[in-house]
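Fold and geometry: a report
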Amino acid sequence: MYKGKKKKASNRSRILECIYRNAPIARTDIAEETEITPATVTMNVTTLISEGFVRELGEASTDEGSSGRKRVLIDIIPDRAYSIGLEFTQKALVICITDLKGRIRFQHAEPFNEELASRITDAIIDGVKGLVAESGISWDEIVGIGAAVPGHMNGSASSLVTNRKTWQNFDPKRIEKELPLPIVYENNARCMALGEYLFSPQESPDSFAFFHVGMGMFCANVVDGEMFLGENYVAGEIGHTIVSEGGRRCECGKYGCLQTYASENHLIRNARLLYKNTPNTILRSLVPDDSLITIETITTAYSMGDPVIGMYIAEALKYLGITISNIAIITNPGKIFLHGQLFDNQDIQNELMDYIERQLIFVDRTYAGNVEILPYAAVDGAVGASALAILRFFIRPAMGE
């Protein structure tokens, strides 16, 4: 998922990534997939087995009457080592320890508030140390730490690049200094895309788009097994594409950006205004105070038939449907994954898919089937960050970023 993988990756790295993406797999199939000689594959797999990272599962079933050497299938040993992933957003700080296959073994979460934001650096350091102590896993058993951030890191990974002042106390260099493991940072949606790539290989093709809608929104693009990064911070900032010329003013200074209609931040902001100014809104029957409105409150009001909330959601889904269809037409990825709490609501899922199908019907009646809405969990970003750490420190330890 880093630039130049095909040129820089060692044979060991390519073999490990092949196992992740295709397990259970035989040595002969690894050689064919990676175009590495069978002898070199066998040597590397033997080393990985001796180190306890890979195991043989037994012989593959063969057609009756077939001849030749038996094909022995191999796979990663999940609990041979562990990884730490963390994500902080305006919803929560979430930290988890996963095994090498991405299964959560321990996790810790703190809900967002201004006090957490002011001490985010200490909260991350204390949270990671506390979770490792609770787990009983030694630091030596952990390959590294991945951090999913709500924005982008600058070139030296010394500060967070974001429009929000919320995280001005985030100090990545102090985190690196005080934790006894290497740490790597990446945008949270890209981390989640990486989690799909590494931990759900049967569902994720080599090329796909991962469209995350949360407090903000971002579209990560994986092309032929590589994360598309672009030349600056603009790549993936789908929320700042214009969907309504002369529309609402965005924090970026432009008017009519997608995120001003469909992000959780803006939906919640509009719902709170509705709560304050409309006595008969269904929202009032769901929460006693407008400060308690969440995206779940809004989707519930939508399903219960609140007319104004219905208007907000319909507008959001129209612009999301158009944008997703444009992604399909312009880049034509093997799949488009949609992720976010907004999509947990079945009524919203149905209406969004209807928009997408109508937009794409001229291309191929079946292409909308390549759009998949993923289940949402608050820990998804942290698990994706764990995948980032596994890729950086276990699969490709010598490559850097």
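Quantities reported herein were computed from a predicted structural model and do not represent experimental measurements. Every chain begins its residue count from 1, and numbering advances along the sequence as written. pLDDT decides what is reported in this predicted model: residues at 70 or higher carry local features, side-chain atom pairs at 80 or more are listed and counted, and totals for whole chains, interfaces and linings draw on all residues regardless. Heavy atoms throughout the structure, all of them, feed into the side-chain values; hydrogens and water do not.

1. So, the packing of helix α8 (residues 188-199) against helix α15 (residues 380-395)
To get an axis, a line is fitted to the C-alpha atoms, and for a helix only the part in contact is used. The angle between two axes follows their N-to-C directions and goes from 0 to 180 degrees. Counting from the N terminus, the helices are the DSSP runs of H or I reaching at least four residues and the strands are the DSSP runs of E reaching at least two. Contact pair α8 / α15: the axes reach a minimum separation of 7 Å and the direction vectors enclose 65°. Taken as axis vectors, α8 and α15 run roughly perpendicular relative to one another. Where α8 crosses over α15, the handedness of that crossing is left-handed. Every residue of α15 that contacts α8 at C191, M192, L194, G195, L198 and F199 is listed here: D380, G381, V383, G384, A385, A387, L388, I390, L391 and I395. Amino acid classes used here: Ala, Val, Leu, Ile, Met, Phe, Trp, Tyr, Cys and Pro are nonpolar; Asp, Glu, Lys and Arg are charged; the rest, including Gly, are polar. A per-class count over the contact of α8 with α15 returns 12 nonpolar, 3 polar and 1 charged. Any angle that is under 35 degrees is reported as roughly parallel, and any over 145 degrees as roughly antiparallel; angles of 65 to 115 degrees are reported as roughly perpendicular and all others as oblique. The sense of a crossing depends on the near helix, which, turned anticlockwise from the far helix by less than a right angle, makes the crossing left-handed and, turned clockwise, makes it right-handed. Residue contacts follow a heavy-atom distance rule, with two residues in contact if any of their heavy atoms lie within 4.5 Å.

2. Describing empty space enclosed by the protein
Grid points spaced at 1 Å over the protein atoms alone were grouped into cavities, where a 1.4 Å probe fits but cannot get out, and pockets, open sets with protein on both sides within 12 Å along at least five of seven lines, with lining residues defined by an atom within 4 Å of a point. Grid points are joined across faces, edges and corners, and a volume is the space filled by probe spheres set on the points. Taken as a whole, this structure holds 1 cavity of 30 Å³ or more when the rule is applied. Of the volumes computed, that of the largest cavity is approximately 30 Å³. Lining the largest cavity are R190, F218, C219, A220, N221, F228, A235 and G236. With 4 residues, the top contributor of residues to the lining of the largest cavity is strand β12 (residues 217-223).

3. Section: the sheet that holds strand β11 (residues 208-213)
Strands qualify as paired when DSSP identifies two bridges or more between them. Taken in spatial order, the 5 strands line up as β13-β12-β11-β14-β15 in an open sheet, and their pairing is mixed. The open sheet terminates on both sides in strands that have one partner only, identified here as β13 (226-227) and β15 (371-373). Along the sheet, α8 makes contact with β11, β12, β13 and β14 (335-339), crossing β11 at roughly 135°.

4. A word on the packing of helix α2 (residues 11-22) against α15
Between two packed helices, the angle of one axis relative to the other and the distance separating the axes together describe the packing. Direction vectors running N to C along α2 and α15 enclose 145°, while the axes themselves pass 10 Å from each other. Of the residues in α15, those touching α2 at S13, L16, E17 and Y20 are I390, L391, F394 and I395. Residues that form the contact of α2 with α15 fall into these classes: 6 nonpolar, 1 polar and 1 charged.

5. A short note on helix α13 (residues 307-331)
With 25 residues, α13 should reach 36 Å at 1.5 Å per residue; the first-to-last C-alpha distance of 36 Å fits that figure. One side-chain oxygen at the N-terminal end of α13 lies 3.1 Å from the backbone nitrogen of V308; it belongs to D306. Positive phi shows up at N332, right after α13, with a value of about 45°. Helix span, as expected, comes to 1.5 Å for every residue beyond the first. Here a polar contact means two N or O atoms within 3.5 Å. Within protein one must be a hydrogen donor candidate and the other an acceptor candidate, and residues neighboring in sequence count only if both atoms are side-chain atoms.

6. Regarding the packing of aromatic side chains
Here a pair means two rings of Phe, Tyr or Trp (six-membered ring of Trp) with centres within 6.5 Å. Their orientation is stacked below 30 degrees between planes, edge-to-face above 60, and tilted elsewhere. All chains considered together, the criterion is met by 7 aromatic pairs. Ring centres of F112 and W167 lie 5.7 Å apart, and the angle between their planes is 70°; on these two criteria the pair is classed as edge-to-face. Within this pair, whereas F112 is found in the loop between β6 (104-111) and α5 (114-118), its partner W167 is found in the loop between β9 (160-161) and α7 (172-178), the two being separated by 55 residues in sequence. Think of it in three bands: residues with accessible area under 20% of the maximum for their type are buried, residues over 50% are exposed, and the middle band is partly exposed, with areas taken using a 1.4 Å probe on protein chains only. Take W167: its relative accessible area is 4%, and that puts it in the buried class. Each member of the aromatic cluster is reached from another via a ring pair, and the members are F88, F112, W167, F170 and Y185. A ring has a charge above it when a Lys NZ or an Arg CZ is no more than 6 Å from the ring centre and no more than 35 degrees off the ring normal. The positively charged end of R80 is found above the aromatic ring belonging to F53, 4.2 Å away from the centroid. The ring centre of Y275 lies 4.7 Å from the NZ or CZ of R284, which sits over that ring.

7. Some thoughts on the pairing of strand β3 (residues 72-76)
Burial of β3 is extensive: 4 of the 5 residues sit out of reach of the surface. As defined by bridge partners, strand β1 (residues 25-26) adjoins β3 across 2 bridges and the pair is classed as antiparallel. Residue pairing for β3: A26 is matched across the bridge by L73. Sheet topology places strand β2 (residues 54-59) next to β3; 5 bridges connect them, and they run antiparallel. By the bridge assignment, R55 is partnered in β3 with D75.

8. A short note on helix α10 (residues 264-277)
Look at α10: 20 Å from first C-alpha to last across 14 residues, which is about the 20 Å you get at 1.5 Å a residue. Buried within α10 are the following residues: E264, N265, H266, L267, I268, N270, A271, L274 and Y275. Lining the buried residues of α10 we find β11, α9 (259-262), α11 (283-286), α12 (295-303) and α13.

9. Here we look at unusual backbone geometry
The residue after A23, namely P24, is reached through a cis peptide bond having omega -5°. Within the secondary structure layout, P24 lies in the loop between α2 and β1. In this structure, A157 takes a positive phi of about 55° despite not being glycine. Residue placement: A157 occurs in the loop between β8 (152-153) and β9.

10. A closer look at the sheet that holds strand β5 (residues 92-99)
Read across the open sheet, the 5 strands follow the order β6-β5-β4-β7-β10; overall the sheet is mixed. The sheet is open, and its two edges are formed by β6 and β10 (183-187), each paired on a single side. Each neighbouring strand pair of the sheet contributes to a mean axis angle of 15°, computed without reference to strand direction. When β5 meets β6, the two strands line up antiparallel, connected through 7 bridges. Counterpart to C96 in the pairing with β6 is Q107. In the packing of α8 onto the sheet, contacts are made with β4 (82-88), β7 (142-149) and β10, and the angle to β10 comes to roughly 105°.

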